[in-house]
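Spelled out, the chains give:
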Amino acid sequence: MLAVIARGETYGYEILSTLEGAGFDGVGDASVYGTLRRLEQAGHLESRLAASNNGPARKYYAVTPSGTEQLRSGTDSWTRINGALEKLVQP
Amino acid sequence: MIAEDYVRMVAFELRDLPWKMRRDLVSEIQGHLDELPAGTDLSAQLGRPHEYASELRDAAGLERRRGLIAFLRARRPRNVVLTVVALTLIGLAIGAVAWIDSYQPLAFAGGTQEPLDSRPSIGQAGVTVVFRKGHPFEYGITIQNTGRLTVRVLGVPTSVTNFYVGRLLMSKDQTGRLDELPLERFHPFDMKPGSFRWLVFKGVYACTTGIGGGGVGVTWETIGIRFGFLWRTATAAIPLDDPLAITFPKGCPSRPQ
């Protein structure tokens, strides 16, 4: 989620579409909004409301410095774990 | 299921969350549903409302909240304020009605005009007078308004222990001595806080009590004063410092024999 939002300010439906486009078909809509809520509460995201031509105002999210740090930390962890797994599974 | 119903049902499942948090979540869900293509089967796409709400809770780390504080926080602040104001006003109204219903400021003011030929009662406070049918009877007391609000004095109710027939008279307001001003026939009047006046029973002894045998008596220990305050009328039983005892040596049947 942080990686998607770090590309640029975006909103829930667009985040979900991006995740699905990247192959995360099983991600539930409610999980996305719940996670957004949790990340915002943790200070990793900030949001603003902007008018939409397609219904009520959209809530746009952006990554905060804390979120950027969290993303970097998560990316490092993932890279390390992924590297370790590759060593294990390679014949 | 249309989007409005879906959102409403999800909101119901989240009803324990603080109002502002719930409003934001519901608004976001509403926005999300508006982005979906028309005709989307919401339950198939998102799960049933309670499943959606449950998934949302899990992802957001929102546990179900219980208790009075959670209940109040789940209400819209404006509604909580309005409810508190309404309950306060109702409580004040109930208190005001209860207070008005119990308000009784009339009291004996200390002045008494004893009947002619009365003498101190033996072994008890007050005076005693012997009933003599047809003879003049005059008895006066002072009453005062000890409260902070004006009441309307309406009269003196007829009692079964009356033993005279005649008129009820009264003095002008603020009359401390009975001989200061002439008396006038009683009529309802407003009694202001701190004011006082005389009420005088003037007539002749008469058989109205129904006392048949001799040697009995009646005692006025209180005088009932009918009064009105706002919408309420009531009778105040005003204790007398000097009870008035009347003895009937020969009895006094109420019906002529």
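Everything below is about the structure shown above.
Note that the coordinates shown come from a computational prediction; the quantities given were computed from them, not determined experimentally.

### Quick notes on the pattern of salt bridges
Side chains carrying opposite charge are able to pair once their charged atoms draw close together.
Here is step 1 of the chain: This model, assessed by the stated rule, comprises 15 salt bridges over all chains.
Here is step 2 of the chain: The salt bridge involving A:Arg58 is made with B:Glu35; its shortest N-O contact spans 2.6 Å. Pair noted here: A:Arg58 is in strand S3 (residues 58-63) and B:Glu35 is in helix H2 (residues 19-35), and the two residues belong to different chains. Taken as a pair, A:Arg58 and B:Glu35 share a single burial class, namely buried.
Here is step 3 of the chain: Here B:Asp190 ties to B:Arg152 by a salt bridge, and the two come within 3.0 Å at their closest N and O atoms. Here B:Asp190, found in strand S8 (residues 189-191), pairs with B:Arg152, found in strand S5 (residues 151-155); they are 38 residues apart in sequence, far enough to count as distant.
Here is step 4 of the chain: Residue classification places B:Asp190 among the partly exposed positions, given a relative accessible area of 44%.
Here is step 5 of the chain: Looking at B:Arg152, the relative accessible area reads 34%, which means it is partly exposed.
Here is step 6 of the chain: Linked by salt bridges that have partners in common, B:Asp16, B:Arg57 and B:Arg64 make up one network.

### Looking at the side chain of B:Ser195
All names here are of chain B.
Here is step 1 of the chain: Among the structural elements, Ser 195 can be located in the loop between S8 and strand S9 (196-205).
Here is step 2 of the chain: A relative accessible area of 0% means that Ser 195 is categorised as buried.
Here is step 3 of the chain: The contacts of Ser 195, once residues within four sequence positions are left out, are Ile 143, Gln 144, Asn 145, Asp 173 and Gln 174.

### Things to note about the side chain of B:Arg197
All names here are of chain B.
Here is step 1 of the chain: Its place among the elements puts Arg 197 in strand S9.
Here is step 2 of the chain: Asp 173 provides the closest opposite charge to the buried, unpaired Arg 197, separated from it by 4.2 Å.
Here is step 3 of the chain: At 3.0 Å, the side chain of Arg 197 forms a polar contact with the backbone oxygen of Ser 171.

### What about the sheet that holds strand S11 (residues 232-248) of chain B?
All names here are of chain B.
Here is step 1 of the chain: Spatially, six strands are ordered S2-S3-S11-S10-S5-S8 in an open sheet, and the strand pairing comes out mixed. Across the chains shown, the open sheet's two edge strands, defined by having one partner strand only, are strand S2 (119-120) and S8.
Here is step 2 of the chain: In this structure, S5 lies alongside strand S10 (residues 216-229), joined through three bridges in antiparallel fashion. The residue of S10 that forms the bridge with Val 153 is Phe 227.

### Here we look at unusual backbone geometry
Residues and elements named next belong to chain B.
Here is step 1 of the chain: Phi at Asp 117 is positive, roughly 65 degrees, even though this residue is not glycine.
Here is step 2 of the chain: Mapped onto the secondary structure, Asp 117 falls in the loop between strand S1 (106-113) and S2.
Here is step 3 of the chain: Even without glycine at this site, Leu 230 takes up a positive phi of about 55 degrees.
Here is step 4 of the chain: In this fold, Leu 230 is placed in the loop between S10 and S11.
Here is step 5 of the chain: With a relative accessible area of 61%, Leu 230 lands in the exposed category.

### What to know about the interface of chain B and chain A
Here is step 1 of the chain: Every contact between the two is made by 19 residues of chain B and, on the other side, 19 residues of chain A.
Here is step 2 of the chain: In this assembly, chain B packs against chain A so that about 1700 Å² is buried in total across both faces, 53% of it on carbon and sulfur atoms.
Here is step 3 of the chain: Summed over the three residues of chain B that lose the most area to chain A, namely B:Glu28, B:His32 and B:Glu35, the buried surface amounts to 36% of that side.
Here is step 4 of the chain: Counting across the interface, chain B meets chain A through one salt bridge.
Here is step 5 of the chain: Mapped onto the side of chain B that touches chain A, the elements with two or more residues apiece are H2, helix H3 (42-46) and helix H4 (49-60) of chain B.

### Some remarks on the sheet that holds strand S2 (residues 45-50) of chain A
Residues and elements named next belong to chain A.
Here is step 1 of the chain: Ordered in space as S1-S3-S2, the three strands form an open sheet in which the pairing is antiparallel. Strands at the two margins of the open sheet, each flanked by one partner only, are strand S1 (10-11) and S2.
Here is step 2 of the chain: Across six bridges, S2 lies against S3 in antiparallel orientation. Within S3, the position partnered with Leu 49 by the bridge is Lys 59.

What counts and what doesn't
Chains are numbered independently. Their residues run from 1 in the order of the written sequence. Lettering of chains starts at A and numbering of ligands starts at 1, both following the order in which they are written. In view of the model being predicted, local features appear only for residues whose pLDDT reaches at least 70, and side-chain atom pairs are presented and counted only at 80 or more, with totals across whole chains, interfaces and linings using the full set of residues. The basis for the side-chain values is all heavy atoms of the structure; hydrogens and waters are excluded. Salt bridges, as used here, are contacts in which a Lys or Arg side-chain nitrogen is within 4 Å of a carboxyl oxygen on Asp or Glu. Only DSSP runs of H or I covering at least 4 residues are called helices, and only runs of E covering at least 2 are called strands; the numbering of each starts at the N terminus. For every residue, the accessible area (1.4 Å probe, protein chains only) is compared with the maximum for its type, and the residue is labelled buried under 20%, exposed over 50%, or partly exposed between those bounds. The contact definition used throughout considers only heavy atoms, calling two residues in contact when any of these lie within 4.5 Å. Charge assignment: positive for Lys and Arg, negative for Asp and Glu; neither His nor the chain ends contribute. Here a polar contact means two N or O atoms within 3.5 Å. Within protein one must be a hydrogen donor candidate and the other an acceptor candidate, and residues neighboring in sequence count only if both atoms are side-chain atoms. DSSP bridges decide pairing: two strands pair if at least two such bridges lie between them. Note on terms: buried area is the combined drop in 1.4 Å-probe accessible area of two parts once they are placed together, counting the loss on both.

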